[in-house]
Amino acid sequence: MKSKGVVWFRKDLRLTDNPAWSRATTDHDEVTALFVVDPALWDLAGDNRRNQLVAHLAALDGDLASCGGRLRVYRGDPVKVLPDLARQVTADLVHWNTDVSPYAARRDDAVRNALQNRCVGHPGSWVHPPGSIQTSSDKAYRVFTHFHRAWDQLDRPLWATPGEARVLGDHGDGLPPADSDPLMPPGAAGAMHRLAQFLDRVDRYRSGRHDLDSTSRLSADLKFGTIDPRRLAAEVGERTAGRRAFLRQLAWRDFYGHLMAAYPWTAREDMRPEVGSIPWRTDPEALEAWKTGTTGYPMVDAGMRQLLAEGWMPNRVRMMVASFLVKDLLIDWREGERHFLRFLVDGDPAQNVGNWQWVAGTGADAAPYSRIFNPVTQSRRFDHEGWYIKRWVPELRRLPPQVVHAPWEAHADVLEAAGVRLGSEYPKPIVDHPEARREALAAFEAATAGGA
Ligand code: FAD
């Protein structure tokens, strides 16, 4: 009798370097490729992420067609869809690559029960999967440098190539409609194209890492799994400082995966209880100004507008806008985390929470609370000529570079010549940074002393 398998694709939308796909197509005679549009996740995602997902699914469907099959797509609760489909195709085993967010872990447990354990998880979304790098007392590392030392010593063998199974051709409900074209060329082919472009500049990555436009922009490919992190690490290699610096960033990604798997409660709670309870402010107006990019701080506004338009921001700007929310506005990091998760195309609970807690100073390996990003000096340093600001805050495009970072410091004549009236065309700053910084330091100091 023929052996039949199902591969449930989730954050691994590729056919090569995919351990779940390789194993299923090797161990079974017939394989069904499945994607479930889970309303619990779909409804949370902004348009940019949805459009990109639909385009990636269409590309995966195309790749499956070249193996004679199709991607079956169903909308519904995986806990119901999976056992129904497994029954329908009389599957012996369902394969997937594991995931770590609390929602994913709960869902996968429920699906496993519904399938009566006729399923197997594979480690296909990481260089080194969560749980594989532990301290000598078998706990997750809480300090990145120690984690990285261990990470760096392990081999990174590539995953097996796919087998010969026949891929079935039913299409299920079909793809959900997309609202517009995706922002990036989709699929594994799109990811490979982006990687090829990045390889031309990777040797400059060490200094370029802080640039606003020279990083790889592969975060969404890693999120959707259109590229395998081990393949990425192998293609980049480590022969120059730039390449090693890039691999270190992939280790950060694994680090946050490990932390989320070991401490799932950190998705909602501060990781370091000794930080105590910070007196977060409830200020809907300030929160709205932050979300809409109308704080009056040009670099913060540029970043927040890029997030809404493109679903992406450079890391430097993410750190700055996050610091502005939690320190200058003293608004709970969870508000920012939720907004980022909705709008980032690469939005991913483990990475997002890990980074937000790092900036807030509440995380495992956190920035000290005294590190408060100055939105003006950061802007002058990393967007010296102001091109990034002018791209996203066009009402300031006629201001000279010297004042574009802090228009309120400009002489009235300069503002008038550039057609900028503060308070009408562009807002006045909603807080005074030096004063906000003093207040934040006092609040964090008191909270830390209280929680110690
Ligand atoms: P590159 O500089 O080219 O780095 C290569 C890869 O390394 C990235 O694609 C990413 O997978 C990984 N990486 C780089 N920096 C980090 C980091 N700080 N933490 C973890 N992994 C990293 N990244 C996400 O993928 N999803 C998120 O939801 C997310 N939320 C963030 C929220 C905040 C507040 C901050 C400060 C950072 C967040 N990041 C998140 C991390 C980082 O900003 C992005 O991964 C990076 O900007 C993506 O651009 P890139 O691919 O060009 O990065």
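To be clear, the structure that these remarks concern was listed above.
These numbers were taken from a predicted model, which means no experiment stands behind them. (Residues numbered from 1 in each chain as written. Predicted model: local features only at pLDDT ≥ 70, side-chain atom pairs only at ≥ 80, totals over all residues. Heavy atoms only, no water.)

With that settled, consider the site of the ligand. With respect to spatial proximity, 28 residues lie near the ligand, and among them Y205, T215, S216, R217 and N315 are the closest. At 3.0 Å from a nitrogen atom of the ligand is found a side-chain nitrogen or oxygen belonging to Q249. N355 is positioned such that a nitrogen or oxygen atom in its side chain is 3.0 Å from a nitrogen atom of the ligand. Protein chains shield 97% of the accessible area of the ligand, which is 820 Å² for the free molecule. Elements that contribute at least two residues to the shell around the ligand include exactly α9 (219-224), α11 (241-262), α14 (315-328) and α16 (349-360). The element best represented in the shell around the ligand is α11, accounting for 6 residues. (Near = heavy atom within 4 Å. Polar contact = N/O pair within 3.5 Å; in protein donor to acceptor, adjacent residues only side chain to side chain. Areas by Shrake-Rupley, 256 points an atom, 1.4 Å probe, with all protein chains shown as cover. Helix = DSSP H or I, 4+ residues; strand = E, 2+ residues; numbered from the N terminus.)

Okay, the pairing of strand β1 (residues 4-9) next. Of all 6 residues in β1, 5 are buried, a share of seventy percent or more. Two strands pair when backbone bridges link them, and β1 and strand β2 (residues 30-37) are joined in this way by 6 bridges, in the parallel orientation. Across the sheet, V7 pairs through a bridge with A33, a residue of β2. In the classification by handedness, the crossover that spans β1, the intervening helix α1 (residues 19-27) and the parallel β2 is right-handed. In terms of strand pairing, β1 meets strand β4 (residues 93-97) through 3 bridges, oriented parallel. (Buried < 20%, exposed > 50% of the residue type's maximum accessible area, 1.4 Å probe, protein only. Pairing = 2+ DSSP bridges. Right-handed = clockwise from strand over helix to strand, strands pointing away.)

It is worth spelling out the pattern of salt bridges at this point. Throughout the structure, instances matching the rule amount to 30 salt bridges. Notably, a salt bridge pairs R72 with D170, separated by 3.8 Å at the nearest N-O pair. In this pair, R72 sits in strand β3 (residues 71-75) while D170 sits in the loop between β6 (166-167) and α7 (187-199), placing the two residues 98 residues apart along the sequence. A single salt-bridge network, built from bridges that share partners, covers K2, E30 and R166. (Salt bridge = Lys/Arg side-chain N within 4 Å of Asp/Glu carboxyl O.)

For any two aromatic rings, the description comes down to two numbers: the centre-to-centre distance and the angle of the planes. Within the structure shown, the criterion is met by 22 aromatic pairs. Plain terms: the ring middles of F198 and F246 are 4.9 Å apart, the flat faces sit at 45° to each other, and that makes the pair tilted. Remark: F246 occurs in helix α11 and F198 occurs in helix α7; sequence separation between them is 48 residues. Residue F198 shares its accessibility class with F246, and that shared class is buried. A connected cluster of aromatic rings, assembled from ring pairs, spans Y141, F144, F147, W252, F255 and Y256. Sitting above the plane of the W312 ring, R217 keeps its charged end 3.8 Å from the centroid. Lying across the ring of F444, K327 places its NZ or CZ 5.2 Å from the centre. (Phe/Tyr/Trp six-rings, centres within 6.5 Å; stacked < 30°, edge-to-face > 60°. Lys NZ or Arg CZ within 6 Å of the ring centre and 35° of its normal.)

Counted at 1.5 Å a residue, the expected span for α7 with its 13 residues is 18 Å, and the 19 Å between its end C-alpha atoms agrees. Every buried residue belonging to α7 is among G187, A188, G190, A191, R194, L195 and F198, and all of these are buried. Buried residues of α7 fall within an arc of 160° about the axis and therefore sit on the same side. (Expected span 1.5 Å × (residues − 1). Arc of directions from axis to C-beta.)

Core analysis: the biggest nonpolar cluster contains 94 residues, and L232, L250, W290 and F340 have the highest contact counts within it. When residues in this core are grouped by element, the largest group, 10 residues, is from α11. With residues up to four places along the chain from it excluded, the contact list for F340 reads W290, M304, L307, M313, R318, V321, N352 and W356. L13, V37, L53 and M184 belong to the second largest nonpolar core, which has 25 residues in total. (Core = buried A, V, L, I, M, F, W, Y, C linked by side-chain atoms within 4.5 Å. Contact = heavy atoms within 4.5 Å.)

Of note in the backbone geometry, N117 takes a positive phi value of approximately 65° without being a glycine. Here N117 lies in the loop between α5 (102-114) and β5 (119-122).

This part covers the environment of R318. Assignment of secondary structure puts R318 in helix α14. We classify R318 as buried; its relative accessible area is 16%. The spacing of R318 and V167 is 151 residues in sequence and 42 Å in space, taken between C-alpha atoms. Separated by 2.8 Å, the side chains of R318 and D346 make a polar contact.

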